[in-house]
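Residues per chain are reported as follows:
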Amino acid sequence: MSSNTSPQCSAAGAASGPSPFDVPFWLHWLGGFVDRHPRLFQRLANLESTAVAESLKRVDVTMPIFVCGLARSGTTLLHEVISSHPAVATHRIKDYPLVLLPYWWRRATAKTRAGAPRERAHRDRIMITAESPDALEEMLWMTFFPHCHDPAASNVLGAAARDAAFEAFYRNHLRKLLLAEHATRYAAKANYHVARLAYLARLFPDARFVLAVRSPVGHVASLARQHERFCQGHRHHPRSLAYMQRSGHFEFGLDRRPMNLGDSVEVERIVADWEAGGEVRGLARYWTMVYSYLDQLLAADADVRRATLVVRFETLCDSPAETLSAVLRHCDLTDSAKLVESYAPTIRRPAYYTTDFSPDELRVIDELTTAAARRWGF
């Protein structure tokens, strides 16, 4: 359930055929087995690292690229473009659920056909195949930090955080993926890295962060629309809910969980709004909480600030060539002109849905987000 060849506003129509929420039984079973035995696959991953240790000596993690932001801010498209660069390795849809074994699983699936492109479950005109970049890195974090999606506790990992076992495992994982794809750079879309930017900046002082932000009205509308769609999909296809939980996607659907960025009281307010039917109010609060946190982080942490390029969704849609060129320069991905030429003409503002908020809902969004939005140029 991620991206591929058609960016966010392509001209592709709705796909026909099986529901995009349908998860084959074999994939559901295998995903469940992996989910129930995290330590087994952690040990297998360490065995994999030992088996390819000689080859890994020639591989280093240089300037890894992390794309993040609140879901529906343009992160999928940015990840897609960056991952299309020939020097870049990333996780792909076909890696689920054996994400922890990147080298062996890539060898095992080397001759697997990508299949015909299909529109992803979001119905946002983004077409996917098994080879599409996917936001699967979260499975690594959940293996070592099992409470990283608990809304009742802070999910923040700051520069002072230390976990030697995870850090060694994580670095080896990235190196194995680079080895498997014969690449020199790693990229990930990981929206939950919003809570880990300072930690990542310590682990990788040369990292590049691409932080997406979208104006509140359009952003709230998109989040609300996707939440409704995924709730319906999960009710009709329960395996799709398990897929999202196991792969670390809690942005919308029947197990939606807000990130806790250190303010548990505000998280409780957000959840209370949602439970009381105040979808718009809760999402507006959430937008403000996330982007106020990021604004404060960028102001306070010079290392994160130096590593970060802020990309406004509206600017990306209105000036795609200039924006993509700036992103690729920030990531130090050279020889990118053809990549920009390929993607830029396909990008424009979404036209596949309307923002039908009532005057009262618009007032709520304005009241809750205006102060924070101004700091981001909205």
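Residues numbered from 1 in each chain as written. Predicted model: local features only at pLDDT ≥ 70, side-chain atom pairs only at ≥ 80, totals over all residues. Heavy atoms only, no water.

*Asks:* Honestly, the overall build of the chain in this entry has me stumped. Any pointers?
*Replies:* The secondary structure content of the chain amounts to 17 helices and 7 strands. Against the compact-globule benchmark of 21 Å for 378 residues, the chain has a radius of gyration of 20 Å, which places it among compact chains. The C-alpha extent of the chain, read off along each of the three principal axes, is 65 × 50 × 45 Å. Within the chain, the proportion of its 378 residues that are buried is 59%. Sequence-distant contacts in the chain: of pairs separated by 6 or more residues, those separated by 24 or more amount to 80%. By element, 53% of the accessible surface of the chain is carried by carbon and sulfur atoms, the whole surface being about 16,000 Å². Computing the positive centroid from 46 side-chain charges and the negative centroid from 41, the chain places the two 5 Å apart. (Helix = DSSP H or I, 4+ residues; strand = E, 2+ residues; numbered from the N terminus. Rg over C-alpha atoms; globule rule 2.2 N^0.38 Å. Buried < 20%, exposed > 50% of the residue type's maximum accessible area, 1.4 Å probe, protein only. Contact = heavy atoms within 4.5 Å. Areas by Shrake-Rupley, 256 points an atom, 1.4 Å probe, with all protein chains shown as cover. Lys, Arg positive; Asp, Glu negative; His and termini not counted. Charge placed at Lys NZ, Arg CZ, Asp CG, Glu CD.)

*Asks:* Could you clarify how one ought to interpret helix α17 (residues 359-374) in this entry?
*Replies:* Because an α-helix completes one turn every 3.6 residues, residues spaced three or four positions apart along the sequence face the same direction. Taking 1.5 Å per residue, 16 residues should reach 22 Å; α17 reaches 21 Å between its end C-alpha atoms and fits that length. When the local axis directions of α17 are compared, the greatest deviation, roughly 45 degrees, occurs at Leu368. Among the residues of α17, those classed as buried are Val364, Ile365, Thr369, Thr370, Ala372 and Ala373. Against α9 (216-236) and α12 (279-300) lie the buried residues of α17. (Expected span 1.5 Å × (residues − 1). Bend = angle between axes of the 7 residues up to and from the residue.)

*Asks:* In this structure, what is going on with the packing of aromatic side chains? I would like to understand it.
*Replies:* Any two aromatic rings considered together are summarised by their centre-to-centre distance and by the angle between their planes. Going through the model one piece at a time under the given rule, you end up with 20 aromatic pairs. An angle of 65 degrees between the planes, with centres 5.4 Å apart, marks the rings of Phe144 and Phe166 as edge-to-face. Of this pair, Phe144 sits in helix α6 (residues 138-144) while Phe166 is found in helix α7 (residues 164-181), placing the two residues 22 residues apart along the sequence. Each member of the pair Phe144 and Phe166 is classed as buried. Taking the centre distance of 5.0 Å and the plane angle of 40 degrees together, the rings of Trp287 and Tyr291 count as tilted. Of the two residues, Trp287 and Tyr291 are both situated in helix α12; the distance of 4 residues between them amounts to about one turn of the helix. The same class applies to Trp287 and to Tyr291, which are both buried. Here the aromatic residues Phe66, Trp141, Phe144, Phe145, Phe166, Phe169, Tyr170, Tyr186, Tyr199, Phe204 and Phe209 are joined through ring pairs into a cluster of three or more. Over the face of the ring belonging to Phe313 we find Arg214, whose NZ or CZ atom lies 4.0 Å from the ring centre. Its end group placed over the ring of Trp274, Arg256 keeps NZ or CZ at 3.6 Å from the ring centre. (Phe/Tyr/Trp six-rings, centres within 6.5 Å; stacked < 30°, edge-to-face > 60°. Lys NZ or Arg CZ within 6 Å of the ring centre and 35° of its normal.)

*Asks:* Explain unusual backbone geometry to me, please; I cannot follow it from the model alone.
*Replies:* Negative phi is the rule for most residues except glycine; trans is the rule for most peptide bonds. Looking along the chain, the bond that leaves Tyr96 and enters Pro97 is cis, with omega of 5 degrees. Along the chain, Pro97 falls in the loop between β2 (88-89) and α5 (102-108). Of note, the phi angle at His182 is positive, near 55 degrees, even though the residue is not glycine. Among the structural elements, His182 can be located in the loop between α7 and β5 (185-189). Classification of His182 as exposed rests on a relative accessible area of 73%. Phi at Asp335 takes a positive value of approximately 55 degrees, unusual for a residue other than glycine. Summarising the element assignment, Asp335 is placed in the loop between α15 (320-330) and α16 (337-343).

*Asks:* Honestly, helix α4 (residues 75-83) in this entry has me stumped. Any pointers?
*Replies:* Counting buried residues in α4 gives 9 out of 9 residues, a clear majority hidden from the surface. Taken together, the buried positions of α4 are occupied by Thr75, Thr76, Leu77, Leu78, His79, Glu80, Val81, Ile82 and Ser83.

*Asks:* I'm lost on the pairing of β5 in this one. Help?
*Replies:* Consecutive side chains along a regular strand alternate between the two faces of the sheet. In terms of burial, β5 is a largely internal element, 5 of the 5 residues being buried. Side chains Arg185, Ala187 and Lys189 of β5 all project onto a buried face; the interleaved residues Tyr186 and Ala188 project onto the opposite face, where all are buried too. Here strand β1 (residues 65-68) runs beside β5; their pairing, made up of 3 bridges, is parallel. Directly across from Phe66, in β5, lies its bridge partner Ala188. (Pairing = 2+ DSSP bridges.)

*Asks:* How should I be thinking about the sheet that holds strand β6 (residues 208-213) in this particular structure?
*Replies:* Within a sheet, each strand pairs with its neighbour through backbone hydrogen bonds, oriented either parallel or antiparallel. Pairing in this open sheet of 5 strands is parallel, and the strands run β2-β5-β1-β6-β7 from one edge to the other. Each edge of the open sheet carries a strand with a single partner, namely β2 and β7 (308-312). Pairing of β2 with β5 involves 2 bridges; the strand directions are parallel. By the bridge assignment for β5, Val88 is matched with Arg185. Helix-sheet contacts for α12 involve β6 and β7, and the interaxial angle to β6 is about 145 degrees. (Axes fitted to C-alpha atoms, helices over the stretch in contact; angles between N-to-C directions.)

*Asks:* Whenever I open this one, the confidence of the model for the chain confuses me. Can you help?
*Replies:* Detail in the predicted coordinates should be disregarded across regions flagged by low pLDDT. Per-residue pLDDT for the chain has a mean of 93; in total, 95% of the residues score no lower than 70. This stretch, residues 1-15, has a pLDDT under 50; its non-local contacts, to residues over four places away or in other chains, come to 67 contacts. (pLDDT = per-residue confidence, 0-100.)

*Asks:* When you look at the nonpolar core in this model, what are you seeing that I'm missing?
*Replies:* Soluble globular proteins tend to pack their nonpolar side chains together in the buried interior. Within the largest apolar cluster, 88 residues are counted, with the highest numbers of intra-cluster contacts made by Phe66, Trp141, Tyr170, Phe204, Phe209, Val290 and Leu294. Here this core gets 12 residues from one element, more than from any other, and that element is α12. If near-sequence neighbours (up to four positions away) are discounted, Phe204 is found in contact with Val61, Pro64, Phe66, Tyr170, Arg171 and Leu174. Core analysis: the second largest hydrophobic core is formed by 22 residues, Ile65, Leu78, Cys331 and Tyr343 among them. (Core = buried A, V, L, I, M, F, W, Y, C linked by side-chain atoms within 4.5 Å.)

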